[in-house]
Amino acid sequence: MSWESTISNALAGKAAGLVVDAAPAAMDNEEFAAFYARSARPLWAYLARVSRDPALADDLTQESYVRFLCATGPEEGEVAARRYLFKIATNLLRDHWRRPQPASLEEMPEDRFAARCGTAQTETQVMLGPALAQMRPRDRQLLWLAYAEGYSHREIAEVTGLGTASIRLLLFRARRKMAQLLRKEGGA
Amino acid sequence: MTAFGCVRENEVMELLRQGYWPDACPEELRGHVERCRICSDLVLVTATLKGERKEAMPLARLEAPGALWWRAQLRRRNAAIEKMARPILGAEVFALAMALVFAAAVLVWQAGNWSEWIWDLPRALHLDTLFSPGTMMWVAIPVLATIALISGVVAYMVSEKQ
């Protein structure tokens, strides 16, 4: 194979070996659109509620899907693909938390505030309650995956990278704390 | 009930997952949930989070799937090109290393003959036919320096353009 044909094939995205490495579960454009329609809103809700930042959730949702399409995806069907997508999103969220955050309001990008002004009231109504806001990010993550998404301990371990044995204990503690906060909120 | 769970927790969880709680569940189990702290926590947290999920989903401002597909295609192509360029870069580095080794070997080999080489250069380049022997070095040195300078600039500009 000549260099010219190799390069032109690569530009068309069909160089030998590269398609196999890159195609996630052999999903074509239409299949992806259908999968996206079914999975994007739950993924966004997860990211928005765990990060408590809808703008960040917008960005991370998009990036999750782009990485999902670029990666070698699971081949066991939609459930596994969705779990894999949540795993990518969880890793992106973790990377975001690890990065140094702006220290003051002045350092925050202005569009972070401007873009959401019109919807602030609606979002305040439906945003995570004060109880969930008081939880640690990892606890929010575990609670959301377990009780909003309905994932089993094994699936949560796969998504978060934590040990299956520790999930049970972490979830138990997080659930107890959240229930206490919810009751306190309800009583107040 | 144990320290970290209740024996009926999975039963309650399954009813919640299937949407049977509270209407389609046995009266006895509802009584248990009222008395059991662990199961009542489970019901409270699950109901809250499922409600949050339901309310949050319509708020998502989603990009068109076609745009994401296109971005992924671009990223894959760039990755493919980068992957292909890696061996070429390796070959270039290898060639440069070989050239440097060869040059170093020549330098060592000819270490004692440099002055002879330099004085013999005008004759080797046939410059003695163009200039008189007295002015030869004064012309040859600036000309060679200018050629070297221009070559360097051209090489730099070509590499920048690439």
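Everything quoted here is computed from the prediction, not taken from an experiment.

1. Focus on the overall build of chain B
Thought 1: The helix and strand inventory of chain B stands at six helices and zero strands.
Thought 2: Of all 162 residues assigned to chain B, the portion counted as buried reaches 13%.
Thought 3: A separation threshold of at least 6 residues defines the contact pool for chain B, and within that pool the share at least 24 residues apart is 46%.

2. Here we look at the interface of chain B and chain A
Thought 1: Each partner contributes to the interface: chain B provides 34 residues, whereas chain A provides 40 residues.
Thought 2: If you list the elements that add at least two residues to the side of chain B that touches chain A, you get α3 (37–56) and α4 (65–109) of chain B.
Thought 3: If one sorts the elements of the side of chain B that touches chain A by residue count, α4 of chain B sits on top with 13 residues.
Thought 4: The residue makeup of the side of chain B that touches chain A, split by class, is 17 nonpolar, four polar and 13 charged.

3. Here's the deal with the environment of Asp41 of chain B
Thought 1: Its place among the elements puts Asp41 of chain B in helix α3.
Thought 2: Not counting residues within four places of it along the chain, the set of residues in contact with Asp41 of chain B comprises Arg175, Arg176 and Ala179 of chain A.

4. So, α4 of chain B
In an α-helix, one turn spans 3.6 residues; hence positions three or four apart end up facing the same way.
Residue and element names in this part refer to chain B.
Thought 1: Counted at 1.5 Å a residue, the expected span for α4 with its 45 residues is 66 Å, and the 66 Å between its end C-alpha atoms agrees.
Thought 2: The sharpest bend along α4 reaches about 25° and sits at Arg86, with the proline Pro87 one to four residues further on.
Thought 3: Those residues of α4 that sit buried are Leu68, Trp69, Ala72, Arg76 and Ala80.

5. Some remarks on the confidence of the model for chain B
Residue and element names in this part refer to chain B.
Thought 1: Of all residues in chain B, 93% attain a pLDDT of 70 or more, and the chain-wide mean is 84.
Thought 2: Per-element averaging of pLDDT across chain B places helix α5 (residues 114–124) at the bottom with 76 and α4 at the top with 90.
Thought 3: Across the predicted assembly, pTM comes out at 0.67 and ipTM at 0.72.

6. Details of unusual backbone geometry
Thought 1: Residue Arg52 of chain A is not a glycine yet carries a positive backbone phi of 60°.
Thought 2: Along the chain, Arg52 of chain A falls in the loop between α3 (29–51) and α4 (54–70).

7. Some thoughts on the packing of α3 of chain A against α3 of chain B
Thought 1: One way to put it is that α3 of chain A packs onto α3 of chain B with a least axis distance of 9 Å and a crossing angle of 115°. Regarding α3 of chain A and α3 of chain B, the two cross each other, and that crossing is right-handed. Residues Ala45, Ala48 and Arg49 of chain A of α3 of chain A touch α3 of chain B, and the partners they reach there are Glu52, Arg53 and Ala56 of chain B.

The rules we used
- Residues numbered from 1 in each chain as written.
- Chains lettered and ligands numbered in written order.
- Predicted model: local features only at pLDDT ≥ 70, side-chain atom pairs only at ≥ 80, totals over all residues.
- Helix = DSSP H or I, 4+ residues; strand = E, 2+ residues; numbered from the N terminus.
- Buried ≥ 20, exposed ≤ 12 C-beta atoms within 10 Å, placed from the backbone.
- Contact = placed C-beta atoms within 7 Å.
- Nonpolar A, V, L, I, M, F, W, Y, C, P; charged D, E, K, R; others polar.
- Expected span 1.5 Å × (residues − 1).
- Bend = angle between axes of the 7 residues up to and from the residue.
- pLDDT = per-residue confidence, 0-100.
- Axes fitted to C-alpha atoms, helices over the stretch in contact; angles between N-to-C directions.
- Left-handed = near helix turned anticlockwise from the far one by under 90°.

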